[in-house]
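# Fold and geometry: a report
As a plain string of letters, each chain reads:
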Amino acid sequence: MNIHKSAEDYLEMILMLREKKGYARSIDIASALNVTKPSVSFAMKKLRENDYIHMDEENYITLTEKGQEIAQRMYDRHRVLTRFLVQIGVDEETAREDACKIEHDISSETFDAIRVQIQEEN
């Protein structure tokens, strides 16, 4: 599956907002990701066209099954990587920021090894 990092970030943020607030709207995404509303509008159009999201008549955004799968994978990676970085001594804010950068590029093999390492330590 070939999807851009920015699209992964948008999908992950939709998931996070829906978990936190119960809904996601473009304005919430723009604020959370510190991007412009036009940037979000363009991204939402592309995500809709590729069947990753659905927007209802009130502009609330939901993930399709395909979008949910990607968002959940990215969110899982983010949480595991953040936890790993904190465990090795990185402060939590830096760990969250770095996890966001790493989550897109890390191989499945390396990620799985980190996940196993974290589970063994708990």
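Everything below is about the structure shown above.
Residues numbered from 1 in each chain as written. Predicted model: local features only at pLDDT ≥ 70, side-chain atom pairs only at ≥ 80, totals over all residues. Heavy atoms only, no water.

### Section: the pattern of salt bridges
Should their charged atoms come close, side chains of opposite charge can pair. Our working definition: A pairing counts as a salt bridge when a side-chain nitrogen of Lys or Arg comes within 4 Å of a carboxyl oxygen of Asp or Glu. The secondary structure listing takes helices from DSSP runs of H or I that are at least 4 residues long and strands from runs of E that are at least 2 residues long, numbered from the N terminus.
By the definition in use, this model includes 10 salt bridges. Between E49 and K45 there is a salt bridge whose closest N-O contact spans 2.9 Å. Linking E49 with K45, this pair stays in helix α3 (residues 37-49), spanning four residues, or about one helical turn. Counted as one network, the salt bridges with shared partners bring together K21, R25 and D28.

### What about the packing of helix α1 (residues 5-21) against helix α2 (residues 26-33)?
Condition: For every element, the axis is a line fit to its C-alpha atoms; helices are fit only across the contacting stretch, and the angle between N-to-C directions ranges from 0 to 180 degrees. Here the angle decides the label: under 35 degrees means roughly parallel, over 145 means roughly antiparallel, 65 to 115 means roughly perpendicular, and every other value means oblique. Contacts are residue-level and defined by heavy atoms, with any inter-residue pair within 4.5 Å sufficient.
Running from N to C, α1 and α2 point in directions that differ by 110°, and their axes come no closer than 10 Å. Classified by the interaxial angle, the pair formed by α1 and α2 is roughly perpendicular. Of the residues in α2, those touching α1 at D9, Y10, M13, I14, L17 and K21 are D28, I29, A32 and L33.

### Re unusual backbone geometry
For the record, the criterion: Exposure classes here rest on a 1.4 Å probe applied to the protein chains alone. A residue is buried below 20% of its type maximum, exposed above 50%, and partly exposed in between.
Located in the positive-phi region is N34, a residue other than glycine, with phi close to 55°. Mapped onto the fold, N34 is located in the loop between α2 and α3. When its relative accessible area of 72% is taken as the criterion, N34 is described as exposed. Its identity as a non-glycine residue notwithstanding, D51 has a phi of 60°, on the positive side. Among the secondary structure elements, D51 is positioned in the loop between α3 and β1 (53-55).

### Description of α1
The criterion, for reference: Here, expected helix span is obtained from the residue count minus one, scaled by 1.5 Å.
When the terminal C-alpha atoms of α1 are compared, their 24 Å separation across 17 residues agrees well with the 24 Å that a helix rising 1.5 Å per residue should span. When we look at burial in α1, the residues that qualify are A7, E8, Y10, L11, E12, M13, I14, L15 and L17. At its buried positions, α1 is contacted by α2, α3, β1, β2 (61-63) and α4 (65-87).

### Considerations on the packing of α1 against α4
Going by this rule: Under the grouping applied here, Gly and all other residues not named as nonpolar or charged are polar, the nonpolar ones being Ala, Val, Leu, Ile, Met, Phe, Trp, Tyr, Cys and Pro and the charged ones Asp, Glu, Lys and Arg.
Packing of α1 against α4 brings their axes to within 8 Å, and their N-to-C directions diverge by 85°. The pairing of α1 with α4 is recorded here as roughly perpendicular in orientation. Counted together, E8, L11, E12, L15, M16 and E19 of α1 and G67, Q68, I70, A71, Q72, R73, M74, Y75 and H78 of α4 form the full contact between these two elements. Tallied by class, residues from the contact of α1 with α4 come to seven nonpolar, four polar and four charged.

### Observations concerning α4
End to end, α4 covers 33 Å across 23 residues, agreeing with the expected 33 Å (1.5 Å per residue, within 8%). Within the span of α4, buried status applies to G67, I70, A71, M74, Y75, D76, R77, H78, V80, L81, T82 and L85. Within two residues after α4, G89 carries a phi angle of roughly 110°, on the positive side.

### Examining the nonpolar core
Note the following rule: Definition of nonpolar core: a set of buried residues of the types Ala, Val, Leu, Ile, Met, Phe, Trp, Tyr and Cys, connected through side-chain atoms within 4.5 Å.
In this structure, L11, I14, I29, M44, L47, I53 and I61 are the most contacted members of the largest nonpolar core, which totals 24 residues. Looking at this core, the elements with two or more residues in it are α1, α2, α3, β1, β2 and α4. The greatest single-element share of this core, amounting to seven residues, is contributed by α1. Within the second largest apolar cluster, seven residues are counted, among which are L81, A99, F111 and I114.

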